[in-house]
Amino acid sequence: MSALQLSHDELVNVYRTMRTIRRFEERVMQEMATGDIPGNTHLYAGQEASAVGVCLQLRDDDYISSTHRGHGHSIAKGVDIDSMMAELFGRASGTCGGKGGSQHIADLRKGMLGANGIVAAGAPITCGAALSAKLLGTGQVAVAFAGDGAMNEGVMSESFNLAKIWMLPIIFVIEDNGFGEATANAFVSAGSFTRRAESYDIPTIEVDGTDVFSVYAAAGEAVERARAGGGPTMLHVHVPRYYGHYSGDPDTYRTPEEKAAMRRERDCLSNFRQRVKEVSLVETAELDAVDEQVEAAIGRAVSAARAAPFPPTSALTTDVYVKYL
Amino acid sequence: MAQKSFRQALNEALHFEMGRDPRVIMMGEDLTGGAGANGVKDAWGGPFGVTRGLLDAFGPERIRDTPISEAAFIGAAAGAALTGLRPIAEIMFVDFAGVCLDQIMNQAAKFRYMFGGRAKTPLVIRATYGAGSRSGSQHTQALYPIFTHIPGLKVVIPSTPYDAKGLLLQAIRDDDPVIFLEHKMLYDTVGDVPDGAYTIPFGEARVARDGKDVLIIAIGRMVQVAEEAARKLASEGISAAIIDPRTTSPLDEDTLLDFTETIGRVVIVDEANPRCSVATDISALLADKCFDALKAPIKLVTAPHAPVPYAPNLEDAYIPSADAVVKAATSIVKR
Ligand SMILES: Cc1ncc(C[n+]2csc(CCOP(=O)(O)OP(=O)(O)O)c2C)c(N)n1
């Protein structure tokens, strides 16, 4: 199935979601500079097509787990941007009541099992979600997003094994941006990621993560296999990371030329515009209008977050247990 | 004496000891930052800038940027320590010890005992700890009680730049596995630090301030909080002594008992969660060994039994404050 067979409205929505992630991220970077968003965040900008291409194949009740770089996955899975922005500002109206922050955004109503501050920790948790779906017979699938750096944690291999022996309806999406923090993947990873998965007899697909249609097609195959009881799949998605590892990273370990070329040649948004223009499926003016709507929506989210109250101090010891001891 | 930051003090200790002893090596994630990339080498100088310049001085064989695989490289460091090297391994945030606790707790900590005293494990695990950076529940814990609980591990929690340097040099020269915990909010604090090498023995508390009305025992970053509280108390005419144990294992029981005997009123300030903590441990020790000298109940000022929250107002409320220490001290002095 060619992804370009998506309907006009679906195409516009794909673009809208990718643009929303990009603008959300750019705005977060800006707001970090004002000091009003506390701490640090890890920006997903550049990788949008991966989250969007995968999540477009998912039902509302399917599960995903994310990484420390979780904004894009959350938005692609349908988590509300107003509550996400409020969470980043640490407000009571945030997705997690202000208790989680950027690295812990979760929304179980959307099947979003959480960003994660511990590298690779999402993989086994997602095996558990897939096990629930299988044993409860719900037909849901589960997607574990992880980075290339995460692939070197033992728990990734352990999860591959578990997923295969239990034939879980799970998709491991390895988003390879070439770096784990400031360390290049080539410096720390032996062999090939797809061969690692294949050694567990898990089928793999390698895909260009700046092309939402390729990701969509690959995810489609994986989801179909999972829903049909065919077990796990691993997608190795090649993506660019536009910003440094985190919001305070001077990013001097990459050359200015390297970064400029990456933004010029590997941009999922211009790639998308190019593709739909070639086949005259969506008017450029329509996409420009989407850009404006997205801009306005992000602006509203920031204003609302700023105006929202912080959690009351009494919240310090709520949510620790069902009932505090 | 020269004024130096906590970060610089640690960096000097690492430079000195690696220069002195070729068996000392370092390993950890982003220890230099930028390994294998096309831009600046040693771009980060470590996640918090503590290891800057070591790559230049000692080369990539001795300064090893590792994959993100704590169980493997902490275990490898333990194995290397058992067989002739003196590794310093870095866990970026102590919270990530969760990934490699087996290697620390069941392996490194046990070699000497299980092997009938025939093994030594000169391993230092450096890690950052502590709240205050708005980083959420998985990057802010003060986990030293967990390590203190485990026989075979030594646990060091420096509170000043001077102590950071002297204790780190001691840790590297020590033949047992040492957990060396650096509070991330202390890196920029400045104090007197001599240029040369010096060591501070483990199990010797520091008297941070002498006083007669109330004894404040404080750990790591909480020493600063205790000092602020002591200044406030002084302005109310209450004289507070402050003891910083510096190492929770071994623990300088003698100094803690001596001061308790003389002063008779004790406040313990600890950023860690309160249950089964260093604060409860010390409190039990004092109650056990010098109950008769106590003129009032021992007061604990700690974080609540909850994870560290993200929202700034909640995180501030989570961390023990000088005002809470003042309140606790006043309540027992005026009793
Ligand atoms: C267990 C653990 N070790 C180390 C870290 C620190 N850390 C956070 S993100 C990161 C890099 C992750 O790289 P990758 O998986 O490639 O994801 P990317 O950042 O590239 O999206 C590291 C080392 C952590 N959060 N958890």
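What you see is a predicted model; the values in this text were computed from it and never measured.

A. Representation of the sheet that holds strand S5 (residues 124-129) of chain B in the model. All names here are of chain B. The strand order S3-S2-S4-S5-S7-S6-S12 describes an open sheet built from seven strands, whose pairing is mixed. The open sheet has two edge strands with one neighbour each: strand S3 (63-65) and strand S12 (247-249). Pairwise comparison of adjacent strand axes, ignoring direction, gives a mean angle of 20° for this sheet. Relative to the sheet, helix H3 (residues 70-82) contacts strand S2 (24-28), strand S4 (86-93) and S5, its axis offset from that of S4 by approximately 160°. Against the sheet, helix H7 (residues 161-173) makes contact with S2, S4, S5, strand S6 (154-156), strand S7 (178-183) and S12, and its axis sits at roughly 160° relative to S7, the strand it touches most.

B. Focus on the environment of Gln 141 of chain B. Residue and element names in this part refer to chain B. Among the secondary structure elements, Gln 141 is positioned in the loop between S5 and helix H6 (144-148). Judged by its relative accessible area of 28%, Gln 141 is partly exposed. Separated by 130 residues in sequence, Gln 141 and Glu 271 place their C-alpha atoms 8.8 Å apart. Beyond its immediate sequence surroundings of up to four residues, Gln 141 is in contact with Val 94, Asp 95, Tyr 129 and Gly 130. At 2.8 Å, the side chain of Gln 141 forms a polar contact with the side chain of Asp 95.

C. How the structure looks around the sheet that holds strand S6 (residues 204-208) of chain A. All names here are of chain A. With parallel pairing, the five strands of this open sheet are ordered in space as S1-S2-S3-S7-S6. Sheet topology places strand S1 (63-65) and S6 at the edges, where each strand pairs with a single neighbour. Strand-to-strand twist across the sheet, computed as the mean angle between neighbouring axes with direction ignored, equals 20°. Summarising the sheet, S1 and strand S2 (residues 142-147) pair through three bridges and their orientation is parallel. Counterpart to Ile 64 in the pairing with S2 is Val 143. Running over the sheet, helix H2 (residues 48-55) touches S1, S2, strand S3 (170-176) and strand S7 (233-238) and is turned about 170° from S2.

D. Representation of the UniProt feature "domain: Transketolase-like pyrimidine-binding" (unreviewed entry) in chain B within the structure. When the UniProt feature table is mapped to this numbering, "domain: Transketolase-like pyrimidine-binding" (unreviewed entry) covers residues 4-189 of chain B. This span, residues 4-189 of chain B, is 38% helix and 18% strand, and a straight line between its end C-alpha atoms measures 8 Å.

E. Examining the site of the ligand more closely. Inspection of the region around the ligand gives 22 residues, with His 68, Arg 69, Gly 117 and Gly 149 of chain A together with Glu 70 of chain B positioned closest. More than a single chain frames the ligand: its nearby residues are located in chains A and B. Take Arg 69 of chain A: an N or O atom from its side chain is 2.6 Å from an oxygen atom of the ligand. One of the side-chain N or O atoms of Asp 148 of chain A is found 3.2 Å from an oxygen atom in the ligand. Relative to its free-state accessible area of 570 Å², the ligand is covered by the protein chains to the extent of 98%.

F. Molecular detail of the packing of aromatic side chains. Per the counting criterion, the structure on display carries 15 aromatic pairs over all chains. Between Phe 160 of chain A and Tyr 200 of chain A the ring centres are 6.1 Å apart and the planes differ by 65°, which places this aromatic pair in the edge-to-face class. Here Phe 160 of chain A is found in helix H6 (residues 154-165), whereas its partner Tyr 200 of chain A is found in the loop between helix H8 (193-198) and S6, with 40 residues between them in sequence. Using a relative accessible area of 1% as the deciding quantity, one classes Phe 160 of chain A as buried. According to the relative accessible area criterion, Tyr 200 of chain A is partly exposed, its value standing at 26%. Among the aromatic side chains, those forming a connected cluster through ring pairs are Phe 6, Phe 48, Phe 93, Phe 96 and Tyr 187 of chain B. Of note, Arg 91 of chain A hangs over the ring of Phe 310 of chain A, and the distance from its end group to the ring centre comes to 4.1 Å. Stacked on the ring of Phe 179 of chain A, the Lys or Arg Arg 254 of chain A has its end atom at 5.5 Å from the ring centre.

G. Here's a closer look at the packing of helix H5 (residues 122-136) of chain A against H6 of chain A. All names here are of chain A. Between H5 and H6, the least distance of the axes is 8 Å, while the angle of their chain directions is 20°. Between H5 and H6, the interaxial angle falls into the category roughly parallel. Considering only the axes of H5 and H6, their crossing is left-handed. For the pair formed by H5 and H6, the contact residues are Ala 123, Pro 124 and Cys 127 on the first element and Val 155, Met 156, Ser 159 and Ala 163 on the second. Considered class by class, the residues forming the contact of H5 with H6 number six nonpolar, one polar and no charged.

H. Region of interest: H3 of chain B. Residues and elements named next belong to chain B. In a regular helix each residue adds 1.5 Å, so 13 residues correspond to 18 Å; H3 covers 18 Å between its end C-alpha atoms and thus fits that length. Check the buried side of H3 and you find it contacts S2, S4, helix H4 (97-108), helix H5 (111-114) and S5. Backbone geometry just after H3 places Gly 84 at a positive phi near 120°.

I. Examining the interface of chain A and chain B more closely. Across the boundary between the two partners, chain A contributes 47 residues, which contact 39 residues of chain B. Counting the surface lost from both chain A and chain B, the interface buries some 3300 Å², and carbon and sulfur atoms represent 61% of this. Linking chain A with chain B are zero salt bridges. Linking chain A with chain B are 19 residue pairs in polar contact (both at pLDDT 80 or more), by the criterion used here. Among the elements of the structure, helix H4 (81-88), strand S4 (179-180), strand S5 (183-184) and helix H7 (185-188) of chain A are those that each provide at least two residues to the side of chain A that touches chain B.

J. Main features of the pairing of S2 of chain B. Residue and element names in this part refer to chain B. Counting buried residues along S2, five of its five residues qualify, which places the element largely inside the surrounding structure. Of the two faces of S2, the one carrying Val 24, Met 26 and Gly 28 and the one carrying Ile 25 and Met 27 are both buried. Pairing of S2 with S4 involves five bridges; the strand directions are parallel. Residue Gly 28 lies in a different strand from S4, and its bridge partner there is Glu 90.

K. Layout of the environment of Gly 248 of chain A. All names here are of chain A. Here Gly 248 lies in the loop between S7 and helix H10 (256-265). By relative accessible area, which is 42% here, Gly 248 ends up partly exposed. With 191 residues separating them in the primary sequence, Gly 248 and Gln 57 have C-alpha atoms 34 Å apart.

L. Quick peek at unusual backbone geometry. A cis amide bond links Ser 249 of chain B to the next residue, Pro 250 of chain B, at an omega of 0°. By the secondary structure assignment, Pro 250 of chain B is in the loop between S12 and helix H9 (253-263). Unlike most non-glycine residues, Asp 251 of chain A shows phi in positive territory, near 55°. Judged by relative accessible area, which is 5%, Asp 251 of chain A ranks as buried. One non-glycine residue, Cys 276 of chain B, adopts positive backbone phi at about 50°. Structurally, Cys 276 of chain B can be placed in the loop between strand S13 (266-270) and helix H10 (278-289). Judged by its relative accessible area of 69%, Cys 276 of chain B falls in the exposed class.

Criteria and cut-off values
Each chain carries its own residue numbering, running from 1 in the direction its sequence is written. Naming scheme: in the order in which they are written, chains are lettered from A and ligands are numbered from 1. Owing to the predicted nature of the model, reporting of local features is limited to residues with pLDDT of at least 70; listing and counting of side-chain atom pairs is limited to 80 or more, with chain, interface and lining totals taken over all residues. Values shown for side chains rest on all heavy atoms present in the structure; no hydrogens or waters enter the calculation. Any two strands are treated as partners once DSSP identifies two or more bridges connecting them. What counts as a helix is a DSSP run of H or I of at least four residues, what counts as a strand is a run of E of at least two, and both are numbered from the N terminus. Angles here are taken between N-to-C directions and fall from 0 to 180 degrees, while the axes themselves are lines fitted to C-alpha atoms, restricted in helices to the stretch in contact. Only heavy atoms enter the contact rule, under which two residues are in contact if any of them lie within 4.5 Å. Exposed residues in this analysis have more than 50% of their type's maximum accessible area, buried residues have under 20%, and partly exposed residues fall in between, with area computed by a 1.4 Å probe over protein chains only. Whenever a nitrogen or oxygen atom comes within 3.5 Å of another N or O atom, the pair is scored as a polar contact, on the condition that within protein one atom can donate a hydrogen and the other can accept it, and that pairs from neighbouring residues in sequence are kept only if both atoms are in side chains. UniProt positions are given in the numbering used here, feature names are shortened, and annotations may be inferred rather than shown by experiment. Nearness is judged by heavy atoms alone; a residue qualifies as near a molecule or strand once a single heavy atom is within 4 Å of it. Residue exposure ignores everything except the shown protein chains as possible cover, and the areas themselves are Shrake-Rupley values with a 1.4 Å probe. Classification of ring pairs rests on two measures: the distance between centres of Phe, Tyr or Trp rings, Trp counted by its six-membered ring, which must be within 6.5 Å, and the angle between planes, read as stacked under 30 degrees, edge-to-face over 60 and tilted in between. A ring has a charge above it when a Lys NZ or an Arg CZ is no more than 6 Å from the ring centre and no more than 35 degrees off the ring normal. Working definition: roughly parallel below 35 degrees, roughly antiparallel above 145 degrees, roughly perpendicular at 65 to 115 degrees, and oblique for all remaining angles. When the near helix sits turned anticlockwise from the far one by under a right angle, the crossing is termed left-handed; a clockwise turn instead gives a right-handed crossing. Each residue is assigned to one of three groups, with Ala, Val, Leu, Ile, Met, Phe, Trp, Tyr, Cys and Pro labelled nonpolar, Asp, Glu, Lys and Arg labelled charged, and all others, Gly among them, labelled polar. By definition here, a helix of n residues has an expected span of 1.5 Å times n minus one. A quick way to say it: buried area is the sum, across both parts, of accessible area lost when two parts are put together, with a 1.4 Å probe. Every case where a carboxyl oxygen of Asp or Glu lies within 4 Å of a side-chain nitrogen of Lys or Arg is listed as a salt bridge.

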